[in-house]
Amino acid sequence: MESTKSRGGRPAGRKKTAKIEVLIEPEVKEEFMRFIEIDGKTASVEIYSWIRQYINKRKVEEK
C-alpha cells in the first residue's frame, strides 16, 4: 500500500459546514493560482492556514 502525504486542511471524515466566498479580479486569481501550483499547495488549504493564523494572532493580542 502506497502512503500519501497529507497537505493539511479539513481532517478526513469532517464535513464542510460553512463557506467563505471571496470575489477577486480574474487576473489576481490567475496569478495566485499559478503561484499556489508552483508551491505544490492548494488554495483552500493555504487560505484556511491564513485564517487560522489571523485568529490565533488576534487571540494573543486580546490577552
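Reference entry: report on the structure contained in this document. (Residues numbered from 1 in each chain as written. Predicted model: local features only at pLDDT ≥ 70, side-chain atom pairs only at ≥ 80, totals over all residues. Heavy atoms only, no water.)

For the rest of this paragraph, the subject is the overall build of the chain. Counting its regular elements, the chain contains 2 helices and 0 strands. Summed over all atoms, the accessible surface of the chain reaches about 6600 Å², with 54% contributed by carbon and sulfur. (Helix = DSSP H or I, 4+ residues; strand = E, 2+ residues; numbered from the N terminus. Areas by Shrake-Rupley, 256 points an atom, 1.4 Å probe, with all protein chains shown as cover.)

Right, let's talk about the packing of helix H1 (residues 26-38) against helix H2 (residues 43-62) for a bit. Two elements in contact, H1 and H2, have axes whose closest approach is 10 Å; the angle formed by their N-to-C orientations is 95°. Between H1 and H2, the interaxial angle falls into the category roughly perpendicular. Contact residues: H1 offers Phe32, Met33 and Ile36, while H2 offers Ala43, Glu46, Ile47 and Trp50. (Axes fitted to C-alpha atoms, helices over the stretch in contact; angles between N-to-C directions. Parallel < 35°, antiparallel > 145°, perpendicular 65-115°, else oblique. Contact = heavy atoms within 4.5 Å.)

This brings us to the pattern of salt bridges. A full pass over the atoms with the stated rule returns 2 salt bridges. Between Glu46 and Lys41 there is a salt bridge whose closest N-O contact spans 3.4 Å. A salt bridge links Arg58 to Glu61; the shortest N-O distance between them is 3.8 Å. On the criterion of helical spacing, the pair formed by Arg58 and Glu61 is a turn pair, its members being 3 residues apart in helix H2. (Salt bridge = Lys/Arg side-chain N within 4 Å of Asp/Glu carboxyl O.)

We now examine the packing of aromatic side chains. Scanning the entire structure with this criterion turns up 1 aromatic pair. The lysine or arginine in question, Arg34, covers the ring of Phe35, its NZ or CZ lying 4.6 Å from the ring centre. (Phe/Tyr/Trp six-rings, centres within 6.5 Å; stacked < 30°, edge-to-face > 60°. Lys NZ or Arg CZ within 6 Å of the ring centre and 35° of its normal.)

Along the chain, the position of Glu46 falls in helix H2. A relative accessible area of 16% places Glu46 in the buried class. As for Glu46 and Ile36, which are separated by 10 residues in sequence, their C-alpha atoms are 8.3 Å apart. (Buried < 20%, exposed > 50% of the residue type's maximum accessible area, 1.4 Å probe, protein only.)

Together, Ile20, Val22, Ile24, Val28, Ile47, Trp50 and Ile51 line one region of the surface with nonpolar side chains, adding up to about 660 Å² of accessible area. Among the elements that take part in the nonpolar patch, H2 stands out by supplying 3 residues, more than any other. With respect to the helices, strands and loops of the structure, Ile20 is situated in the segment before H1. (Patch = residues over 30% accessible without salt bridge, like charges linked within 9 Å, V, L, I, M, F, W, Y side chains within 5 Å.)

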